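Next come the chains, spelled out residue by residue.
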Number of protein chains: 4
Amino acid sequence: MKVAFTSDNIAGASDSVWQAMMEASHGDAMPYGNDDTTAEVTTMLSALFECDVDVFLVSTGTAANVLSISAMTPPWGSVLCHTESHLLKDESTAPEFYTGGARFVGIDGAHAKIDPALLKKHVNQKVGDVHSCQPSAVSVSQVTEVGSIYSLEELRTITRVSKEAGLSVHMDGARFANALLSLGCTPAEMTWKAGVDILSFGATKNGTMASEAIVVFNKKLSKELGFRRKRGGHLHSKMRLLSSQMKAYLTDDLWRKNAEHANAMMVLLQAGLVTIPSVKINTLAQANMLFCTLPEGMADHLLAEGFAFYGGRWDEGVIRLVTSFRTPREGVEAFVECARHFAATRFEG
Amino acid sequence: MKVAFTSDNIAGASDSVWQAMMEASHGDAMPYGNDDTTAEVTTMLSALFECDVDVFLVSTGTAANVLSISAMTPPWGSVLCHTESHLLKDESTAPEFYTGGARFVGIDGAHAKIDPALLKKHVNQKVGDVHSCQPSAVSVSQVTEVGSIYSLEELRTITRVSKEAGLSVHMDGARFANALLSLGCTPAEMTWKAGVDILSFGATKNGTMASEAIVVFNKKLSKELGFRRKRGGHLHSKMRLLSSQMKAYLTDDLWRKNAEHANAMMVLLQAGLVTIPSVKINTLAQANMLFCTLPEGMADHLLAEGFAFYGGRWDEGVIRLVTSFRTPREGVEAFVECARHFAATRFEG
Amino acid sequence: MKVAFTSDNIAGASDSVWQAMMEASHGDAMPYGNDDTTAEVTTMLSALFECDVDVFLVSTGTAANVLSISAMTPPWGSVLCHTESHLLKDESTAPEFYTGGARFVGIDGAHAKIDPALLKKHVNQKVGDVHSCQPSAVSVSQVTEVGSIYSLEELRTITRVSKEAGLSVHMDGARFANALLSLGCTPAEMTWKAGVDILSFGATKNGTMASEAIVVFNKKLSKELGFRRKRGGHLHSKMRLLSSQMKAYLTDDLWRKNAEHANAMMVLLQAGLVTIPSVKINTLAQANMLFCTLPEGMADHLLAEGFAFYGGRWDEGVIRLVTSFRTPREGVEAFVECARHFAATRFEG
Amino acid sequence: MKVAFTSDNIAGASDSVWQAMMEASHGDAMPYGNDDTTAEVTTMLSALFECDVDVFLVSTGTAANVLSISAMTPPWGSVLCHTESHLLKDESTAPEFYTGGARFVGIDGAHAKIDPALLKKHVNQKVGDVHSCQPSAVSVSQVTEVGSIYSLEELRTITRVSKEAGLSVHMDGARFANALLSLGCTPAEMTWKAGVDILSFGATKNGTMASEAIVVFNKKLSKELGFRRKRGGHLHSKMRLLSSQMKAYLTDDLWRKNAEHANAMMVLLQAGLVTIPSVKINTLAQANMLFCTLPEGMADHLLAEGFAFYGGRWDEGVIRLVTSFRTPREGVEAFVECARHFAATRFEG
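Residues numbered from 1 in each chain as written. Chains lettered and ligands numbered in written order. Predicted model: local features only at pLDDT ≥ 70, side-chain atom pairs only at ≥ 80, totals over all residues. Heavy atoms only, no water.

Summing up its helical and strand segments, chain A has 14 helices and 11 strands in all. Overall, the C-alpha framework of chain A stretches about 65 × 55 × 30 Å when taken along its three principal axes. The buried share of chain A, reckoned over its 349 residues, is 64%. Contacts in chain A between residues far apart in sequence, at least 24 positions, make up 76% of those at least 6 positions apart. For chain A, the accessible area works out to roughly 11,800 Å², and carbon and sulfur atoms hold 51% of it. Positive and negative charge centroids in chain A, built from 32 and 38 side chains respectively, lie 5 Å apart. (Helix = DSSP H or I, 4+ residues; strand = E, 2+ residues; numbered from the N terminus. Buried < 20%, exposed > 50% of the residue type's maximum accessible area, 1.4 Å probe, protein only. Contact = heavy atoms within 4.5 Å. Areas by Shrake-Rupley, 256 points an atom, 1.4 Å probe, with all protein chains shown as cover. Lys, Arg positive; Asp, Glu negative; His and termini not counted. Charge placed at Lys NZ, Arg CZ, Asp CG, Glu CD.)

Here it is as structure tokens:
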């Protein structure tokens, strides 16, 4: 069985999600988020996060991220994020666009996690100096771009450094559920209790077709978001298309079950690959994404056999493997077996 | 039977549209518009418009409009549109945001249609003068905000004046199908043959949940759109959600059938209201929207009876009535009957 | 004696101003506004305005205006100013640029003064509605673009309407001194005591070469200005070039004497023109600018005789005459005499 | 004799410059660059650069830089410059502001010069990929931020790599004259003959008070600059203040003589410091700026003795010394002597 590990954005939707969309397509509903389902979603997210949150639904992760940050920085500010972050690498100049031209500054750190010592240096740099961008916000990705996860302690260190310098904190949670399950904590513990002001609560990679929630814990930032969502063209008239997906996603722990499956498939995949000596695990996968380095010829062989994944974008031999709520167990096993067989023939034969 | 005439954005989706979304939710597909359905949509729109077009799908009408215009003007340009246009009245500062701060200038004209003489005066104003915004693009709404429609001759006059001065022309076709059927011409005649460079081809108000196509006839403008859609956060990862809706919309003339129904219901509605002497038709509806002035007490009575529509935003007594692909004939008849009865009792009794 | 009445920006500088610039060119001084003279200017302006003000020197009037307003509005806000204001007519898209894409809305009113009733209607329009630009600031020009002046009572009405709706107020004082002398009030009375938050205190049209002060009364707005001036490229390294001019301008009442002369020359000019029956005064000049309508042939005759002024931009026959601190009495008399002679020969002969 | 080596922006103006400003303050002149002197400046710069250039005068170096670059990149582009460049370090978010939100990417390289191999990697990165910023322009500083200079061969390598990938090239010539004299080539050789499209021709650090010329060699870029200068608030009404300074600067080789003096003083300063064993020269000064590392206590001693310079912003002990057209020989000698004496007493005694 040949499967694709290119990204979790190639999978469609869970059954209950498309059923919800289907039902939402019937009958009349108030536009622009004044439908009943949108209100329900806010209630459900408040319950999930154990606090009274404001919610702004949008249809893309880029919109969720850049809108969130646009509420946190003046145009003369700088936003600190990891050098390898999605914000800096994969969202064109959306960050500059939405913030009216703030500066996005990459901070290094192992395993795509911001190094708190480097962060501390940056947040206090030239504060008050009009010639320099003023540190205004920090954005962390949880899961990170290489598949690692900040521990709660690491998160709290980042937010403490940020807060002491007066910066707001955003979390890019495109794979929020995958991270949460890996840490085994509550949603509250991984967000507002750890000092996060706004969360991009991703659902599109984990079971919906297009539904992301900007979840605002620091409600002083909410006013900006309502107006900025509209001027960004991200206020849907038939909002129920987004709210119905999100409601289904939050119902009966779908978000949890889907992420559990994706993470479990990665555990299986990684467990298989680590037993192949010629395969090098770059960063130990903690959620549903893995970067590893294959021996010469193996990637081509796997592709030729019908498996799909991204390579050729990073160092020689490096590939990225992503599992999703839909990745079949047989596909994972077949992939590992195919790799093992190739290695055995060529390297350990 | 009590129905809502508030807007055509309160109706859900046609059956074939939600079925298409449902099917699109299954299986894997390439992300970011590299799915097969997106390619099919481009082919279908090229056929519909009888020319080779570029297509950029987005999920909101605001995005379609402001992205289109952002490809047409430098930030030191001005964009001319009717004083009552959606662009100027209902899209926050999205126009300024997406154009990097161009000026949007309202031009007057009867029935919310740009007066070509006034336009001519504006397009030639202070050209080359660095102190003045340089006229760069014109945007027309077809259907207009008051329910009127530009004739082909009127359209061609607007575009001729624009082209002679070197300006590009955008058409806001949020209700494109309704206008087209009313004119009884081909899609090509109402667009590129009449001098339109980019069309916002609306579908959300006429049968889809969230799918709008930016249709580019003047392909020199296409390059900007690809990059600007991404930086605006409007490039969907699971594009098939949008492309499947649009494909269904274009299949078996759904777009035409839906608009025919909506227009027919407005003909019925208007035909009923004109026979009530105390009701004044403000602008004769040519598509599916009508502004009329009700005698004192009638609006409150209709609302109390359970009908829904917008009023109180314009001059005393003015209300707006919009029909959609889903408006039931019985509802229209009930509305007219209720109005007639109220009038007969109070004014003509 | 043939003189130019085209604008007060064609005159050079008063003697004490160029002497100050000359002296400022010698020796070392701290850069970026840390020179002693800049501090002195703040002290002098605080004394002049009888309150503790923050001052940001810039070298153009456009910069003073748009920077001031950029501190007053979010990018989703609207700024209300007169339809004929310099902001809307003569500063390209600088207003949109500096505010990150706010909307600038023209309000009508006789003699280029905002009609308070129309303003009241606008400031309360669709407040809280995300689809609509949110009224955020008002900008008044004192002197206006047609040479009229708001009375203190008129100013206070505008600011009261603005403040009641929560809007900030900016005054474009490109010809501040001319207006002040005409009203005969104190600088404080015409600004913060009348509800003005930030003033563009113009000096370039009245005796300096390039020096304008942003005078901030509402100091909550100051923080933004420091950072925005730098990012606009308007923080001069050798600030003493600007501060020395402004200090000279404020010393020994130069600003007052210069404006007194300019206004007196306009009184003389207008007094002469009103006695010529075929010349129509459009708006009675209250400061140093006059719009009048000349009979056929008179403008061409005056130009042919060597006088200079602007015409041909407005209605048939309308010209603009501006006097400055340097306009010679003989030149005014010669102009009036030339006009009178032409009229006598052609029309009253 | 105690002198300041903090920056070349603390010196005032050369005598002929302030005399020119003084003369420019008399009489009337056409505003907004329509004065005769502005035309003369263009002629003089065309002669100096041996080609027909377009010239846009502005009053700050930041404006010259960011306006130049704004004509070279779409808002979805990236601009490549050295990690230590003024653009990235000292101009707030002016770069993002003026480009409408392009990305500014730092490229490393020894001695603050862009490494051509790294540049080559960047200019070809993800071209055509909508998710990634598209490389659009390169900006080089000549003199660099650490006082080094690109050789003509190095410059040509940078521009060749840029041009092959379709990028435009900007040169930040805040210290253009100092670099030119050091290389001993012609202005043409160091600019358009080496592939530069637009030059920020700095004069403020070398003898004027506030006058910088944007010199456009690639005239296809000129149209944008005229409109963008105005919307940036950088079009001076009394342009003669800027043009008169620039004319004086270009007359009788003032620019050359001033830079010769500044460079000679640096030669003297450096020659003195290299003979002190405990002083480390970080990058050999090629123009008028030097970074060196002083032994413990020396900086404090020099400051206590009345000399001025910047330190404490870089690594331990590092200070920056800048000479100008006005730096007195005796001051340089006194500084070296003071340093030598301190070193002798403490370290070599």
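What follows covers the sheet that holds strand β1 (residues 54-58) of chain B. Residue and element names in this part refer to chain B. Spatially, the seven strands line up as an open sheet ordered β1-β7-β6-β5-β4-β2-β3, and their pairing is mixed. Of all strands in the sheet, those with a lone pairing partner are β1 and β3 (103-107), marking the two edges. Here the average twist between neighbouring strands, direction ignored, is 20°. As paired strands, strand β5 (residues 168-173) and strand β6 (residues 198-202) are joined by four bridges and run parallel to one another. Following the sheet pairing, H170 is matched in β6 by I198. Here helix α10 (residues 222-231) sits on the sheet in contact with β1, β6 and β7 (212-216), set at roughly 20° to β1. (Pairing = 2+ DSSP bridges. Axes fitted to C-alpha atoms, helices over the stretch in contact; angles between N-to-C directions.)

This brings us to the side chain of K230 of chain B. For K230 of chain B, the position within the fold is in helix α10. Here K230 of chain B occupies a buried position and makes no salt bridge, while the nearest side chain of opposite charge, E91 of chain A, is found at 5.7 Å. Once you skip the residues sitting within four places of it in the chain, K230 of chain B turns out to touch T62, D90, E91, S92 and A94 of chain A, L235 of chain B together with V130 and H131 of chain D. (Salt bridge = Lys/Arg side-chain N within 4 Å of Asp/Glu carboxyl O.)

To continue, consider the relation of the copies chain B and chain A. In this structure, two copies of a chain are linked by a rotation about an axis accompanied by a shift along it. At an RMSD of 0.0 Å, chain B and chain A line up after a rotation of 180° and a shift of 0.0 Å along the axis. What the superposition gives is, in effect, a two-fold axis relating one chain to the other. In this assembly, 100% of the residues forming the interface of chain B have copies in chain A that are likewise at the interface, indicating an isologous arrangement. (Least-squares fit on C-alpha atoms with pLDDT ≥ 70 in both.)

All right, on to the interface of chain B and chain C then. A common way to state how big an interface is: give the accessible area lost once the parts meet. Taken residue by residue, the interface counts 20 residues in chain B and 20 residues in chain C. Taken together, both faces of the contact between chain B and chain C bury some 1,500 Å²; the carbon and sulfur share is 38%. The largest per-residue losses of area from chain B upon contact with chain C belong to S92, T93 and R103 of chain B, which jointly make up 37% of the total buried on that side. Across the contact surface, chain B and chain C share two salt bridges. Notably, a salt bridge pairs R103 of chain B with E96 of chain C, separated by 2.4 Å at the nearest N-O pair. Linking chain B with chain C are 12 residue pairs in polar contact (both at pLDDT 80 or more). At the level of secondary structure, the elements contributing two or more residues to the side of chain B that touches chain C comprise α4 (86-89) and α5 (94-98) of chain B. Per element, the largest residue contribution to the side of chain B that touches chain C is three residues, and it comes from α4 of chain B. Looking at the side of chain B that touches chain C, its residues break down into eight nonpolar, six polar and six charged. (Buried area = accessible area lost by both parts, 1.4 Å probe. Polar contact = N/O pair within 3.5 Å; in protein donor to acceptor, adjacent residues only side chain to side chain. Nonpolar A, V, L, I, M, F, W, Y, C, P; charged D, E, K, R; others polar.)

Let's shift gears to the pattern of salt bridges. Considering all chains together, one arrives at 44 salt bridges over all chains under this definition. For D253 of chain D, the salt bridge identified is with R256 of chain D, shortest N-O distance 3.9 Å. Note on D253 of chain D: relative accessible area 35%, which makes it partly exposed. Members of the salt-bridge network, linked through shared partners, are D52, D54 and K219 of chain A.

This paragraph deals with the domain arrangement of chain A. Residues and elements named next belong to chain A. If you check the domain split of chain A, you get domain 1 (15-253) and domain 2 (255-348). Computed from C-alpha coordinates alone, the two centres of domain 1 and domain 2 are separated by 29 Å. Taken together, the contact between domain 1 and domain 2 spans 23 residues of the former and 19 residues of the latter. Here domain 1 and domain 2 share an interface that buries about 1,900 Å² over both sides, 55% of which is from carbon and sulfur atoms. When the buried area of domain 1 at its contact with domain 2 is split by residue, N178, L181 and D253 rank highest and sum to 30% of it. Here domain 1 and domain 2 share one salt bridge between them. Remark: the boundary between domain 1 and domain 2 carries 13 residue pairs in polar contact (both at pLDDT 80 or more). Of all the elements in the fold, those that place two or more residues in the side of domain 1 that touches domain 2 are α8 (176-183) and α11 (240-250). (Domains from an automatic or database assignment.)

The next thing to look at is the relation of the copies chain B and chain C. Least-squares fitting of chain B to chain C yields an RMSD of 0.0 Å, with the superposition described by an axial translation of 0.0 Å and a rotation of 180°. Both copies share a contact surface, since 100% of the interface residues of chain B are interface residues in chain C too.

With an omega dihedral of 0°, the bond running from Q142 of chain A to V143 of chain A counts as a cis peptide bond. Residue placement: V143 of chain A occurs in the loop between β4 (134-141) and α7 (152-164). Its identity is not glycine, yet S92 of chain B carries a phi of approximately 45°, on the positive side. Taking the relative accessible area as the measure of exposure, S92 of chain B reaches 1% and is therefore buried.

Relative to the elements of secondary structure, R326 of chain A occurs in the loop between β11 (318-322) and α14 (329-346). Counting along the chain gives 318 residues from R326 of chain A to D8 of chain A, while the straight-line C-alpha distance between them is 8.8 Å. Among residues more than four places away in sequence, those in contact with R326 of chain A are A11, G12, A13 and H261 of chain A together with S25, H26 and G27 of chain B. Only 3.0 Å separates the side chain of R326 of chain A from the backbone oxygen of G27 of chain B, close enough to count as a polar contact.

Residue and element names in this part refer to chain C. Strand order across the open sheet formed by four strands is β8-β9-β11-β10, with antiparallel pairing between neighbours. Across the chains shown, the open sheet's two edge strands, defined by having one partner strand only, are β8 (280-283) and β10 (310-311). As judged from the three bridges shared by β8 and strand β9 (residues 289-293), these two strands associate in the antiparallel manner. The residue bridging K280 from the neighbouring strand is T293, located in β9.

Here we come to the nonpolar core. Counting 74 residues, the largest nonpolar core has L45, F49, M190, F201, V215, M246 and Y249 of chain B as its most contacted members. With six residues, the top contributor of residues to this core is helix α11 (residues 240-250) of chain B. When residues no more than four places from it in sequence are discounted, the contact partners of M246 of chain B are V41, L57, F201, A203, S211, E212 and A213 of chain B. If you look at the next biggest cluster of nonpolar residues, it comprises 69 residues, including L57, Y150, V196 and W255 of chain C. (Core = buried A, V, L, I, M, F, W, Y, C linked by side-chain atoms within 4.5 Å.)

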